[in-house]
Amino acid sequence: MVLTRKQVGNDWDSWTWQQQNAVRDVNELREHFANVPAQFFDKINANSSRLKFQITPYMLEKIPATISQEDLEKNPWFLQFFPLGEVYTQGADAYNGTDNWENGPEFPTSNLHHKYTNRALVRFRNCLSYCNFCFEALGTLEKNPSPFKIFKWDDWQRSLEYLAQRPEIEEVILSGGEPLLLSDSKLEQILSDIDGIKKKDGTSKIRFKRIHTRVMTHNPYRITDELVRLVSQYRINEMALHIAHPSEVTQEVVESIGKIRDGAGRYSPMIVAHTPLLRGINDRAEILWELFGKLYENNVKPYYLLHTMPHTPFANQQRVSVRDGVRLMKQLKRHKSNIAIPEYVIVHYDGKQTVPLELAGTPEFQYTQDSGGNPLVKFRNWREKWVEYPDVRDSLS
Ligand code: SF4
């Protein structure tokens, strides 16, 4: 049985209680959504032997238990976090279940990703979201993750040595999966280990530290007093909240953002947002603006609008074309407060690329086709290298 806030009392506000009591059983969903025919959930059940899903009681409370099937099928939370339909295995941008479009040579250890020159990401492989569109699906969604996709503490010392030995690295990003699934003590160990890498003059080698998280949408209670202390003490420079739909900016999320600011005070991090562009969820200018406006109201800078990556398990359901994203951006850019409009980027395995807001492309960013006639984008990236990116057909015009 799915518990309610009223039944639970004070434990409701405990992030560990929320995590421990997250719904992971299809039958509980069938029971909970009494107005939705039971067979509707068979689609999730069929995938659940392979793919994980979970939804915290906090999130479930935001979807009315009396919802109809028709409305549930359109619900932005449900659409993002439940493995509906067939895993997409055929097509130029399909998911092959063995390769996540990550660059092996960029991983000196299982948990460190040295992607760009001056910064490295610490990759945590567990998550609490299990987004359908996860670019890390092999480590997050798959119930039998590839061994390389598991954060190994045994490798952490080697990661620290790598950070110490590479003079160019001055920034570390704790990133997904979900770094804030770590207990406060483990998180403190990681932050203090990073700060412990010293230059000859005794100052910390790593100047900037960032945390990227999806925790606000699932479990805003994770922003505890102790976490805020760590953010302040270890001088986290930036927190990026991953957020896709305006309905995710709840009162609880607003309060948690305030808690970081009030608690961290002078050492409060910059708070920004990263938003995946998702078909049927936020691919309308008015929805995007509602989200960006809400974030801006709460002094959160919408930073990236991320074109949804190929080779993810449900890419066929959730991607819009790169050019459709340009159309949406053109409806927003300058028409709305420019400070609240993010940069539109492609997340390519070889690095992010800003998409020019030109429907015809530019000499260095071209809309074309592969040999099978599938839409393809080619561009010159930040390494001055021409790369390809599987696209999908336009659906907006
Ligand atoms: S929050 Fe990020 S890492 Fe976690 S499942 Fe979603 S996309 Fe993947």
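Residues numbered from 1 in each chain as written. Predicted model: local features only at pLDDT ≥ 70, side-chain atom pairs only at ≥ 80, totals over all residues. Heavy atoms only, no water.

Looking at the pattern of salt bridges
A side chain of one charge can pair with a side chain of the opposite charge when the charged atoms of the two come close. Under the criterion given, the structure shown has 30 salt bridges. With a closest N to O distance of 3.1 Å, Glu-61 and Arg-5 form a salt bridge. Of this pair, Glu-61 sits in helix H5 (residues 57-62) while Arg-5 sits in helix H1 (residues 5-8), placing them 56 residues apart in sequence. Take Glu-61: its relative accessible area is 36%, and that puts it in the partly exposed class. Lys-115 is the salt-bridge partner of Glu-106, the closest N and O atoms lying 3.4 Å from each other. In this pair, the class of Glu-106 matches that of Lys-115, namely buried. The structure contains a network of salt bridges with shared partners spanning Glu-106, Lys-115, Asp-350, Arg-383 and Lys-385. (Salt bridge = Lys/Arg side-chain N within 4 Å of Asp/Glu carboxyl O. Helix = DSSP H or I, 4+ residues; strand = E, 2+ residues; numbered from the N terminus. Buried < 20%, exposed > 50% of the residue type's maximum accessible area, 1.4 Å probe, protein only.)

Describing helix H8 (residues 153-165)
Helix length check: H8 (13 residues) gives 19 Å between terminal C-alpha atoms against 18 Å at 1.5 Å per residue, within 8%. Three or more residues of H8 are buried, namely Asp-155, Trp-156, Ser-159, Leu-160, Tyr-162 and Leu-163. Down the axis of H8, the smallest arc covering the buried residues is 160 degrees, so these residues share one side. What points out from H8, more than 90 degrees from its buried face, is the exposed set Asp-154 and Gln-165. (Expected span 1.5 Å × (residues − 1). Arc of directions from axis to C-beta.)

Details of the site of the ligand
Around the ligand, the structure places Cys-127, Ser-129, Tyr-130, Cys-131, Cys-134, Gly-177 and Arg-214. Judged by its atoms lying within 2 Å of the grid points, the ligand is housed in the largest pocket. (Near = heavy atom within 4 Å. 1 Å grid on protein atoms, 1.4 Å probe; cavity = no way out; pocket = protein on both sides within 12 Å on 5 of 7 lines; lining within 4 Å. Sits in = over half its atoms within 2 Å of the grid points.)

Side note on the nonpolar core
With 104 residues, the main nonpolar core has Leu-29, Phe-41 and Leu-174 as its most contacted residues. Two domains share this core, each providing at least three of its residues, namely domain 1 (5-81) and domain 2 (104-361). Among residues more than four places away in sequence, those in contact with Leu-174 are Val-122, Phe-124, Pro-179, Leu-187, Ile-190, Leu-191, Ile-194, Arg-210, Ile-211 and His-212. (Core = buried A, V, L, I, M, F, W, Y, C linked by side-chain atoms within 4.5 Å. Domains from an automatic or database assignment. Contact = heavy atoms within 4.5 Å.)

A word on the domain arrangement of the protein
The domain boundaries assigned to the protein delineate domain 1 (5-81) and domain 2 (104-361). Distance from the C-alpha centre of domain 1 to the C-alpha centre of domain 2: 25 Å. Buried area between domain 1 and domain 2, both sides added, is near 2,500 Å², and the carbon and sulfur share of it is 55%. Of all residues in domain 1, the largest losses of buried area upon contact with domain 2 belong to Trp-15, Lys-52 and Gln-80, amounting jointly to 33% of the total for that side. (Buried area = accessible area lost by both parts, 1.4 Å probe.)

Observations concerning the sheet that holds strand E11 (residues 375-380)
Read across the sheet, three strands follow the order E10-E11-E12 without closing on themselves; strand pairing throughout is antiparallel. If you trace the sheet from one side to the other, it starts and ends with strand E10 (365-369) and strand E12 (386-390), each paired once. When the angles between neighbouring strand axes are averaged without regard to direction, this sheet yields 25 degrees. Bridge count between E10 and E11: five bridges; the pairing is antiparallel. Across the sheet, residue Thr-368 finds its bridge partner in E11, namely Leu-376. (Pairing = 2+ DSSP bridges. Axes fitted to C-alpha atoms, helices over the stretch in contact; angles between N-to-C directions.)

Some remarks on the pairing of strand E9 (residues 351-354)
One ladder, built from four bridges, connects strand E8 (residues 343-348) with E9; its direction is antiparallel. Looking at E9, one finds that Val-347 is bridged to Lys-352.

A few points about the packing of aromatic side chains
Taken as a whole, this structure holds twelve aromatic pairs when the rule is applied. When the centroid spacing of 5.2 Å and the interplanar angle of 80 degrees are considered together, the rings of Phe-40 and Phe-41 count as edge-to-face. Site record: aromatic cluster; members linked through ring pairs are Phe-33, Phe-40, Phe-41, Phe-53, Phe-78 and Phe-82. Residue placement shows Lys-186 over the ring face of Trp-153; its charged tip is 5.3 Å from the ring centre. Positioned over the ring face of Tyr-267 is Arg-235, at 3.7 Å from the centre of the ring. (Phe/Tyr/Trp six-rings, centres within 6.5 Å; stacked < 30°, edge-to-face > 60°. Lys NZ or Arg CZ within 6 Å of the ring centre and 35° of its normal.)

Looking at the side chain of His-114
Relative to the elements of secondary structure, His-114 occurs in strand E1 (residues 112-116). Engagement of the side chain of His-114 in a polar contact is seen with the backbone oxygen of Tyr-116, the distance being 3.2 Å. Once residues lying within four places of it in the same chain are set aside, the contact partners of His-114 are Glu-106, Pro-108, Arg-119, Ala-120, Tyr-162, Arg-166, Glu-168 and Ile-169. (Polar contact = N/O pair within 3.5 Å; in protein donor to acceptor, adjacent residues only side chain to side chain.)

Some details on the packing of helix H13 (residues 285-297) against helix H15 (residues 322-332)
For the pair H13 and H15, interaxial distance at closest approach is 9 Å and the crossing angle is 60 degrees. Accordingly, the angle class assigned to the pair H13 and H15 is oblique. The element H13 and its partner H15 pack so that their crossing is right-handed. From H13, Ala-285, Leu-288, Trp-289 and Phe-292 reach across to H15, where they touch Leu-328, Gln-331 and Leu-332. (Parallel < 35°, antiparallel > 145°, perpendicular 65-115°, else oblique. Left-handed = near helix turned anticlockwise from the far one by under 90°.)

As for the environment of Ile-223
Position of Ile-223 among the secondary structure elements: in the loop between helix H10 (215-218) and helix H11 (225-233). Note: C-alpha distance between Ile-223 and Gly-258 (35 residues apart in sequence) is 10.0 Å. Excluding anything up to four places from it in sequence, Ile-223 contacts Val-215, Met-216, Val-228, Ser-256, Lys-259 and Ile-260.

Describing the packing of H8 against helix H9 (residues 184-195)
The interhelical angle for the contact between H8 and H9, taken along N-to-C directions, is 20 degrees, at an axis separation of 11 Å. By the angle between their axes, H8 is roughly parallel relative to H9. The chirality of how H8 crosses H9 is right-handed. Contact residues: Trp-153, Trp-156 and Leu-160 in H8; Lys-186, Gln-189, Ile-190, Asp-193 and Ile-194 in H9. Its residues assigned to classes, the contact of H8 with H9 shows five nonpolar, one polar and two charged. (Nonpolar A, V, L, I, M, F, W, Y, C, P; charged D, E, K, R; others polar.)

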